[in-house]
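Here is how the chains run, residue by residue.
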Amino acid sequence: MFNVILFGPPGSGKGTQSEKLMEKYGLKHLSTGDLLRSEISKKTPLGIEARNFMDKGQLVPDEVVIGMISSLLDNNKEATGFLFDGFPRTSAQAEALDRLLELKNSCISVMIALEVSEKELIHRLVQRGKTSGRADDDNENVIRARIVEYKTKTAAVADYYRKFNKVVEVKGEGSVEEIFEALCKQIEKHSDC
Ligand code: ADP
């Protein structure tokens, strides 16, 4: 199996690049943000609980997202690899993911961290808010709260994978195509596991 984590702060371009990567490499795309938004639109109990956190720019509790990923891994047994987007976002999620993959005799091949300046992130998210229809992009205070969550809880996830030499950094500013090419180069260097 070949499993990639696309990592980076809100607005770093994970969603845009994931679409292109899953198409090129045939990976199953797992975006916890998209999955949670789909639960919200279906008004499931999970969606109703998650919404309270997402609307404030806070992370959804670990057990909720870990449970969601665990059942998706079980329901996609035929997949040749996964592209994780927006997950793991805490050290507890990273440890849980490693355990789930171990049960499949698999592991994370590489974590690619997109690097974008804070000024550019806020600019992109405010722009996206004008058309995305996403409640959490619509308010600059919520955008800033998401960036604080990233710095205080999520940035540590890269340190976790650094211990295993699995992190590569890619500049997330430039054209979509330039960034995509840089990502593909890294993926092709790390295709073990
Ligand atoms: P972005 O990274 O641009 O903020 P996402 O779609 O990845 O967008 O996430 C939107 C929101 O969904 C987050 O602010 C958070 O509330 C929730 N969320 C998504 N993934 C996770 C996760 N792995 N753990 C906790 N909360 C999550």
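This one's a predicted model, so the numbers in the text were calculated from it and none came from an experiment.

Caption draft 1: Expanded view of the overall build of the protein chain. Summing up its helical and strand segments, the protein chain has eight helices and five strands in all. In terms of overall dimensions, the protein chain has a C-alpha envelope of 40 × 40 × 30 Å along the principal axes. The buried share of the protein chain, reckoned over its 193 residues, is 48%. Within the protein chain, contacts between residues separated by at least 24 positions form 75% of all contacts whose residues are at least 6 apart in sequence. Surface accessibility of the protein chain: about 9900 Å² in total, with carbon and sulfur atoms responsible for 50%. Across the protein chain, 28 positive and 30 negative side-chain charges occur, with their mean positions spaced 2 Å apart.

Caption draft 2: The site of the ligand, seen in detail. Lining the immediate surroundings of the ligand are 20 residues, of which Thr32, Arg37, Gln58, Arg89 and Gln93 lie closest. A distance of 3.0 Å separates a nitrogen atom of the ligand from a polar backbone atom of Val60. In this structure, an oxygen atom belonging to the ligand sits 3.1 Å away from a side-chain N or O atom of Arg128. A total of 550 Å² of accessible area belongs to the ligand in isolation, and the protein chains cover 97% of it. When atoms are counted within 2 Å of each cavity's grid points, the one that captures over half of the ligand is the largest pocket. Among the elements that take part in the shell around the ligand, helix H2 (residues 32-41) stands out by supplying four residues, more than any other. For the shell around the ligand, a count of residues per class yields seven nonpolar, six polar and seven charged.

Caption draft 3: Examining the side chain of His29 more closely. By the secondary structure assignment, His29 is in strand S2 (residues 28-31). Owing to a relative accessible area of 15%, His29 belongs among the buried residues under this scheme. A distance of 2.9 Å separates a polar atom in the side chain of His29 from a polar atom in the side chain of Asp85. Apart from the residues lying within four places of it in its own chain, the contact partners of His29 are Ser18, Glu19, Met22, Asp34, Leu83 and Asp85.

Caption draft 4: Molecular detail of the sheet that holds strand S3 (residues 82-85). What the five strands build is an open sheet, ordered S2-S3-S1-S4-S5; its pairing is parallel. Either end of the sheet is taken by a strand with one partner, and the two such strands are S2 and strand S5 (167-171). Across the sheet, the mean angle separating the axes of adjacent strands is 20 degrees when strand polarity is ignored. Where S2 meets S3, four bridges bridge the pair, whose relative direction is parallel. Bridged to Leu30 within S3 is Phe84. Seen against the sheet, H2 touches S2 and S3 and runs at an angle of roughly 65 degrees to S2. On top of the sheet, helix H7 (residues 140-162) reaches strand S1 (4-7), strand S4 (110-115) and S5; it is set at about 145 degrees to S1, its chief contact.

The rules behind the values
- Residues numbered from 1 in each chain as written.
- Predicted model: local features only at pLDDT ≥ 70, side-chain atom pairs only at ≥ 80, totals over all residues.
- Heavy atoms only, no water.
- Helix = DSSP H or I, 4+ residues; strand = E, 2+ residues; numbered from the N terminus.
- Buried < 20%, exposed > 50% of the residue type's maximum accessible area, 1.4 Å probe, protein only.
- Contact = heavy atoms within 4.5 Å.
- Areas by Shrake-Rupley, 256 points an atom, 1.4 Å probe, with all protein chains shown as cover.
- Lys, Arg positive; Asp, Glu negative; His and termini not counted.
- Charge placed at Lys NZ, Arg CZ, Asp CG, Glu CD.
- Near = heavy atom within 4 Å.
- Polar contact = N/O pair within 3.5 Å; in protein donor to acceptor, adjacent residues only side chain to side chain.
- 1 Å grid on protein atoms, 1.4 Å probe; cavity = no way out; pocket = protein on both sides within 12 Å on 5 of 7 lines; lining within 4 Å.
- Sits in = over half its atoms within 2 Å of the grid points.
- Nonpolar A, V, L, I, M, F, W, Y, C, P; charged D, E, K, R; others polar.
- Pairing = 2+ DSSP bridges.
- Axes fitted to C-alpha atoms, helices over the stretch in contact; angles between N-to-C directions.

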